Amino acid sequence: MLLSQKDYHFEYTECDSSGSRWRVAIPNSAVDCSGLPDPVRGKECTFSCASGEYLEMKNQVCSKCGEGTYSLGSGIKFDEWDELPAGFSNIATFMDTVVGPSDSRPDGCNNSSWIPRGNYIESNRDDCTVSLIYAVHLKKSGYVFFEYQYVDNNIFFEFFIQNDQCQEMDTTADKWVKLTDNGEWGSHSVMLKSGTNILYWRTTGILMGSKAVKPVLVKNITIEGVAYTSECFPCKPGTFSDKPGSFVCQVCPRNTYSEKGAKECIKCDEDSQFSEEGSSECTERPPCTTKDYFQIHTPCDEEGKTQIMYKWIEPKICREDLTDAIRLPPSGEKKDCPPCNPGFYNNGSSSCHPCPPGTFSDGTKECRPCPAGTEPALGFEYKWWNVLPGNMKTSCFNVGNSKCDGMNGWEVAGDHIQSGAGGSDNDYLILNLHIPGFKPPTSVTGAMGTELGRITFVFETLCSADCVLYFMVDINRKSTNVVESWGGTKEKQAYTHIIFKNATFTFTWAFQRTNQGQDNRRFVNDLVKIYSVTATNAVDGVASSCRACALGSEQSGSSCVPCPPGHYIEKETNQCKECPPDTYLSIHQVYGKEACVPCGPGSRSTQDHSVCYSDCFFYHEKENQSLRYDFSTLSSVGSLMNGPSFTSKGTKYFHFFNISLCGHEGKKMALCTNNITDFTVKEMVAGSDDYTNLVGAFVCQSTIIPSESKGFRAALSSQSIILADTFLGVTVETTLQNINIKEDMFPVSPSQIPDVHFFYKSSTTTTSCVNGRSTAVKMRCNPTKPGAGVISVPSKCPAGTCDGCTFYFLWESAEACPLCTEHDFHEIEGACKRGFQETLYVWNEPKWCIKGISLPEKKLSTCETVDFWLKVGAGVGAFTAVLLVALTCYFWKKNQKLEYKYSKLVMTTNSKECELPAADSCAIMEGEDNEEEVVYSNKQSLLRKLKSLATKEKEDHFESVQLKSSRAPNI
């Protein structure tokens, strides 16, 4: 059977080792293979057609694409995202578990995927990890290119490639995609090797709070390097190609449309229909409502009046001729103009003009020169909004369409400026303020790192949906970074951002009513109002007042001269005078000695009196004892990895803290980084102009997401914030400037050595910390923890803070012990040996000191031997003791005999008391002992008694003793 060309198509075989291939015919259905054309040798494997051409397989020649189609030659392009194109797939992972594209996903990631949104594809918004994957086989080396929007650093976005050798990117850092500015599309391209390449677009959200992340948007994915394309691609709806050989399709203009593969665009019925640029169909015009117009104030006229004018939102898409449509309100109502803003004056004209240099005005009076000895306080203070100031501009932007291109995003309204209507609810309404630089007053010479100026604005938001106001800062036109954001309705409040660098700044306010993809105006009444914007020390600013300045010593005029760093203006003479030691010069006041603010306890000022700092030495008196501390060993940055913690869906993360205890003469040494793959990298340039990925402070914090495969060496670091950039003081007290360390916050110290506390604060305020953040570091002596010691946080506040504003740390180390003194050791004396005595010195136990003085060397001194005299003394003492014992026994015996004889004599007398007394006799009766004691008639001293008794036997006479009886007087 003879087959027609409709029954089969041609394909190439795989290339062989010689780089050759064959063209073969493949039947389109299950038909008899007989009659197919014979294989023929094909084009070489590296052959490809040019852009706008395709390879016609029958003749193997390149032909131009027809009208309504296009071709990249050797590439493919994905620019339609109404649905996921063929070859793409979604894979979600959560908690290291591959979920896959099937319905078997756990509830946490069941709905997590990349979502097609027409012109682009949108990433997930949760904390699941979702990969968009596409595999392509390249016959030769090529590249992949895509456009993207990545504005939220609360979501990680990485793009990487695996080839058929299972190799990924050349370096790990190459796969991290850079952040883009709000409303701007960035581009990313990577070279591809020949062979099979698997492309991954992977996102992971970090939901630390209730605020949802902004998704990543990707569009126009182009892959170059395929060997050939055998057909041209039709133009997608809303585009057209009117010439053969096109490599790109053109977008249909507004109020026209086209279908797929169109050669031209078709116009809509202008009376009843409309379409946006790049539309695939026309839409019926709705009836006009109050949401379709806005009011403006005209510039002031010569009478000082402004007119209220009403205008339709352009482009006008509504109809006034329908039954329920409203008409535009009449314009022309006159009202009194608000006064000029401070620093401006109308000078009798209808518009306000800035005051000339050297003059000032409050906006209601004409400009006047500053008095002698003063200078203009330059800056901007916008509080009246009749017209948009010259250094501000407004615009509107939408990611998915061009509805609001050319619209004013904000409208002036007298005493405030408010967000405009926009084209859709998800538009970004942009307000910009451009300031070419900041510098301190003439009399102040600012040091590096000191405040140069500040911008303050008062605002409120009124929302019924998920509106968000972003405040962003661009430095030197490099990149715009979100400084703060507010979601939902917020009452009237002020916010201040401090400037530390003299550079060109662009401040941006971006308001979005909802981040959901919508093309209507359901929430047009949701708005933000800004009442005032104030910028101090602006380079090209105007003056609303004058301030005192320093005068040259030999000048009598009003010329101001700059004071050297650390000098204030003396009130009496208007001359520069240096601040006293250990004081720093206030940024907000330089007039009078009170401008010199005393440093906190335990701190000193830098040489230029710009900041106060600690030299890591501390002195304290305790119970008449001087304690001296040397923390210089701990002055290098200390780190703490705290956690793990988990988000509401179980994503594990850590809090990583860097602490620079003393800094380096006021220089903040702790660095925290964003969006890098190794948070331990130290090769950071502290003076870099790029603030995006680096913050420097005394204390800073990063959020660390552990890697799924490589541990902490490949961890992800994000959400770096400054916890402390100003040193307050060091003291043993637990309270300083409203920072209080409660007693039960940390375990009680086992020693009597007092803990030393370092106190810091942050000058940056947030919506939750209106007074800024503060930090207290408790230094505790612990001899068991040598070197850098151990840093910990309170157990009741595992994140280091209980309220998100005040952070507490306990740093235990032997290096936190006081320096050793003579009170920390004692001496031990040895025995005298051979005329020498040894004295040793040992530390008191337990030892609660370090370094300081060293133990004295052992001391050897001469001494007299005491062995002989010790023996003599012992002998004499023993003899005397024996003698005393013998005498005692002897006299005790004699005394007993005397008492016995006396008692006998008394008893004899009593027995004869009724008889006449007999004559006394001195003879010795029979049986009596001549050694018996006698009783004297008169009392003798003890010494005489002893003497008489001792000589009694030697003497040959007796004493007569008169015996007295109790009854003798009666007889």
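Counting of residues starts from 1 at the beginning of each chain's written sequence and follows it residue by residue. Given that the model is predicted, a residue must reach a pLDDT of at least 70 before its local features are reported, and side-chain atom pairs must reach 80 or more before they are shown or counted; all residues, however, enter totals for whole chains, interfaces and linings. Note: side-chain values were computed over all heavy atoms of the structure, leaving out hydrogens and water.

Draft legend 1. Structural detail: the sheet that holds strand E63 (residues 790–792). The rule for pairing is simple: two strands pair if DSSP sees at least two bridges between them. Secondary structure elements are taken from DSSP: a helix is a run of H or I of four residues or more, a strand is a run of E of two residues or more, and numbering for both begins at the N terminus. Sheet architecture is open: five strands sit in the order E58-E61-E62-E64-E63, paired in mixed fashion. Edge strands, defined here as strands with exactly one partner in the open sheet, are strand E58 (726–731) and E63. Strand-to-strand, the axes of this sheet are offset by a mean angle of 20°, without reference to chain direction. With five bridges joining them, E58 and strand E61 (residues 756–761) adopt antiparallel strand pairing. When the bridges of E61 are listed, Gly729 appears paired with Phe759. For every element, the axis is a line fit to its C-alpha atoms; helices are fit only across the contacting stretch, and the angle between N-to-C directions ranges from 0 to 180 degrees.

Draft legend 2. Here's a closer look at empty space enclosed by the protein. A 1.4 Å probe that fits but cannot get out identifies a cavity on a 1 Å grid over protein atoms alone, an open set with protein on both sides within 12 Å along at least five of seven lines counts as a pocket, and a residue lines either if it has an atom within 4 Å of a point. Grid points are joined across faces, edges and corners, and a volume is the space filled by probe spheres set on the points. This model, assessed by the stated rule, comprises five cavities of 30 Å³ or more. The computed volume of the largest cavity comes to approximately 220 Å³.

Draft legend 3. Quick look at the state of the cysteines. A pair of cysteine sulfur atoms is labelled a disulfide when the two atoms are within 2.5 Å. In the structure shown here, the tally under the stated rule is 18 disulfides. Between the sulfur atoms of Cys288 and its disulfide partner Cys318 the distance amounts to 2.1 Å. Its S-S torsion of approximately 85° makes the covalent link between Cys288 and Cys318 right-handed. On the criterion of sequence distance, the pair formed by Cys288 in the loop between strand E24 (283–284) and strand E25 (293–297) and Cys318 in the loop between strand E26 (305–312) and strand E27 (333–336) is long-range, its members being 30 residues apart. Buried, partly exposed and exposed residues are distinguished by accessible area as a fraction of the type maximum, computed with a 1.4 Å probe on protein chains only: under 20%, between the cut-offs, and over 50%, respectively. Accessibility expressed as a relative area gives 1% for Cys288, which makes it buried. Look at Cys318 and you get buried, because its relative accessible area is 5%.

Draft legend 4. Spotlight on the environment of Ala788. Structurally, Ala788 can be placed in the loop between strand E62 (774–781) and E63. The exposure class assigned to Ala788 is exposed, which follows from its relative accessible area of 52%. Measuring from C-alpha to C-alpha, the distance between Ala788 and Gly638 comes to 7.4 Å, with 150 residues separating the pair along the chain. When neighbours within four sequence positions are excluded, Ala788 is seen to be in contact with Leu634, Trp811, Glu812 and Ser813. Only heavy atoms enter the contact rule, under which two residues are in contact if any of them lie within 4.5 Å.

Draft legend 5. Representation of a negative patch on the surface. A residue counts toward a patch only above 30% relative accessible area and without a salt bridge, and it is joined to like-charged neighbours within 9 Å or, for Val, Leu, Ile, Met, Phe, Trp and Tyr, to nonpolar neighbours within 5 Å. Throughout, the Shrake-Rupley method with a 1.4 Å probe supplies accessible areas, and for residues the shown protein chains are the sole cover considered. What makes a salt bridge here is a side-chain nitrogen of Lys or Arg within 4 Å of a carboxyl oxygen of Asp or Glu, nothing more. For the purpose of counting charges, residues Lys and Arg are taken to be positive, whereas Asp and Glu are taken to be negative. His and the chain ends are not included. All charge positions are set by atom: Lys at NZ, Arg at CZ, Asp at CG, Glu at CD. A surface patch of like charges, here negative, comprises Asp269, Glu270, Asp271 and Glu284. Mapped onto the fold, Glu284 is located in strand E24.

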